[in-house]
Amino acid sequence: MPYEPTERLPIGTTGLTVTRLGLGGASIGGLYREVTDADAAALVRHAWRTGVRYFDTAPLYGYGTSERRMGRVLAGEPRDAFVLSTKVGRLVREAELVAADADLDRQDLDGRENAYYRGVETRRMVFDYSARGVTSSIEESLDRLGLERIDIAYIHDPDRHWQAAIEDAYPALERLRSEGRLRAIGVGMNQARMLARFARDGDFDVLLVANRYTLLDQAGLDELLPICERRGISVAIGGVMNSGILADPSSTAHFDYRPAPTAMVERARRLADICSRHGVPLRTAAIQFPLAHPAVVSVVAGVRSTAHLDEYPAAMRAPIPADLWAELRSEGLLHPAAPTPA
């Protein structure tokens, strides 16, 4: 069943609705390579013209750059016409101040600061999941965005910070939600197990699941997505291409932001071969697959060009024969509980 990318689905019981296709802001923050202000603005404007009305960003994305770029464009659109999410748990600080304060919990990516984002040499990220840190993060994000409100705030990648996230960040977000300063709260992570724990232990409206519910990696179905469906928690899907391997399953592909293991490349190639036999591009099947789950409300496209963004609506609308999904299942490439587009 083809999907309409501009269709709006509800976020829990919040009254917010998001388009099935969302735009993620990591790439326009300079992920892996620099992006100009002009190119970033062109992408956000193109997304708007395409009908995208859900925009996701974070302080981490370009160490504040993505928020500034996205906000400049969205500030010119009617505020009630779109939903904007950003994240808490990391604060942007000047490098010289971070170096001078030994007590700060520095962001350290693979042992190398600034490993993923370009053009951020004078800034650093500092972990802070405290209530005070959450309040500061929201205020600083609003300042960078230049907007009067944030709709959804996610606790961002608290993998090593469960206690602070559930005991400090979560109550702080709950308070902001109860005061009407946020419409919805959630958690965004690249793992399914801890997200399932948040879904069980907190009162969240939406979870952003990156890389763990894709055509290649369906770990989210083991526990997380069933809990979300039972509890009425909406799910947004990020990383639908698993860092690019589902766009191009070559020996140089990446998976989870690192060079892909051989086993993953082989599995992706098996997926590609079956898709090819049915006349369907692998990207098309990858984009459409997660939308079949009843808890999923949006696929957030983390792209850097208008051409790449245009692939998403085309893929969502494309017919896919039921025989393709049946063959993937018979070959053991789909989780037994995975719903597929009808």
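Placed above this text is the structure.
Residues numbered from 1 in each chain as written. Predicted model: local features only at pLDDT ≥ 70, side-chain atom pairs only at ≥ 80, totals over all residues. Heavy atoms only, no water.

Caption draft 1: Representation of the overall build of the protein chain. Across its full length, the protein chain holds eleven helices and 15 strands. Relative to the 2.2 N^0.38 estimate, which gives 20 Å for 342 residues, the radius of gyration of the protein chain is 19 Å and therefore close to what a compact globule would have. Evaluated residue by residue, the protein chain yields a buried proportion of 58% over its 342 residues. Contacts in the protein chain between residues far apart in sequence, at least 24 positions, make up 74% of those at least 6 positions apart. Of the roughly 13700 Å² that the protein chain leaves accessible, carbon and sulfur atoms contribute 49%. One way to put it: in the protein chain the 41 positive side-chain charges average out to a point 2 Å from where the 46 negative ones average out. (Helix = DSSP H or I, 4+ residues; strand = E, 2+ residues; numbered from the N terminus. Rg over C-alpha atoms; globule rule 2.2 N^0.38 Å. Buried < 20%, exposed > 50% of the residue type's maximum accessible area, 1.4 Å probe, protein only. Contact = heavy atoms within 4.5 Å. Areas by Shrake-Rupley, 256 points an atom, 1.4 Å probe, with all protein chains shown as cover. Lys, Arg positive; Asp, Glu negative; His and termini not counted. Charge placed at Lys NZ, Arg CZ, Asp CG, Glu CD.)

Caption draft 2: Representation of the nonpolar core. Counting residues in each nonpolar core, the largest one holds 97 residues, and the members touching the most others are Leu23, Phe55, Ile155 and Leu215. When residues of this core are assigned to their parent elements, the largest contribution, eight residues, is made by helix H5 (residues 162-178). Those residues in contact with Leu215, other than ones at most four positions away along the chain, are Leu246, Leu271, Leu282, Ala285, Ala286, Phe289, Trp325, Leu328, Leu333 and Leu334. Core analysis: the next-biggest nonpolar cluster, separate from the first, contains 14 residues, Leu16, Tyr54, Leu208 and Ala236 among them. (Core = buried A, V, L, I, M, F, W, Y, C linked by side-chain atoms within 4.5 Å.)

Caption draft 3: Focus on the sheet that holds strand S15 (residues 296-301). Here we have eight strands rolled up into a closed barrel, ordered S3-S4-S5-S9-S10-S11-S12-S15, and parallel in their pairing. Ignoring strand direction, the axes of neighbouring strands in this sheet form an average angle of 25°. As defined by bridge partners, strand S3 (residues 21-24) adjoins strand S4 (residues 54-56) across two bridges and the pair is classed as parallel. Pairing of Gly24 across the sheet is with Asp56, part of S4. (Pairing = 2+ DSSP bridges. Axes fitted to C-alpha atoms, helices over the stretch in contact; angles between N-to-C directions.)

Caption draft 4: Representation of the pattern of salt bridges in the model. Within this structure, the stated rule accounts for 21 salt bridges. Linking Glu331 and Arg270 is a salt bridge whose minimum nitrogen-to-oxygen distance equals 3.6 Å. Pair noted here: Glu331 is in the segment after helix H11 (322-330) and Arg270 is in helix H8 (residues 262-277), with a separation of 61 residues, a long-range link. According to the relative accessible area criterion, Arg270 is partly exposed, its value standing at 39%. In this structure, Arg277 and Glu327 form a salt bridge, with 2.4 Å as the shortest nitrogen-oxygen distance. One end of the pair, Arg277, is in helix H8; the other, Glu327, is in helix H11, with 50 residues separating them in the sequence. For Arg277, a relative accessible area of 56% gives the class exposed. Overlapping salt bridges, with partners in common, bring together Arg79, Asp80, Arg149 and Asp151 in one network. (Salt bridge = Lys/Arg side-chain N within 4 Å of Asp/Glu carboxyl O.)

Caption draft 5: Highlighting the pairing of strand S12 (residues 234-238). Across the five residues that make up S12, a large majority, five, are buried. Along S12, one buried face is formed by Ser234, Ala236 and Gly238 and the opposite face, lined by Val235 and Ile237, is buried too. In this sheet, S12 lies alongside strand S11 (residues 206-210) in parallel orientation, the contact comprising five bridges. From the neighbouring strand, Leu207 faces S12, where its bridge partner is Val235. Handedness of the crossover joining S11 and S12 through helix H7 (residues 224-231) is recorded here as right-handed. Sheet topology note: the S12/S15 ladder contains three bridges and is parallel. Residue pairing in the sheet places Val235 in a bridge with Val296 of S15. (Right-handed = clockwise from strand over helix to strand, strands pointing away.)

Caption draft 6: Geometry of helix H2 (residues 65-74). With eight of its ten residues buried, H2 lies for the most part within the structure. Packed against the buried residues of H2 are S3, helix H1 (37-50), S4, strand S5 (83-88), strand S8 (123-127) and helix H4 (131-145).

Caption draft 7: Looking closely at the packing of aromatic side chains. Within the structure shown, the criterion is met by 13 aromatic pairs. Among the aromatic residues, those joined into a cluster by ring pairs are Trp162, Tyr170, Phe198 and Phe204. The ring of Trp48 has Arg53 sitting right over it, with the charged end atom 3.6 Å from the ring centre. Arg197 extends its terminal NZ or CZ atom over the ring of Trp162, reaching a point 3.9 Å from the ring centre. (Phe/Tyr/Trp six-rings, centres within 6.5 Å; stacked < 30°, edge-to-face > 60°. Lys NZ or Arg CZ within 6 Å of the ring centre and 35° of its normal.)

Caption draft 8: Spotlight on the side chain of Ser250. Assignment of secondary structure puts Ser250 in the loop between S12 and strand S13 (254-255). Of the residues examined, Ser250 reaches a relative accessible area of 18% and is grouped as buried. Reaching out from Ser250, the side chain makes a polar contact with the side chain of Thr252 at a distance of 3.1 Å. When neighbours within four sequence positions are excluded, Ser250 is seen to be in contact with Val265 and Arg269. (Polar contact = N/O pair within 3.5 Å; in protein donor to acceptor, adjacent residues only side chain to side chain.)

Caption draft 9: Quick peek at H7. Within H7 the residues assigned to the buried category are Leu224, Leu225, Ile227 and Cys228. The arc that holds the buried residues of H7, viewed along the axis, is 160°, so those residues lie on one side. As for H7, its buried residues are in contact with helix H6 (193-201), S11 and S12. (Arc of directions from axis to C-beta.)

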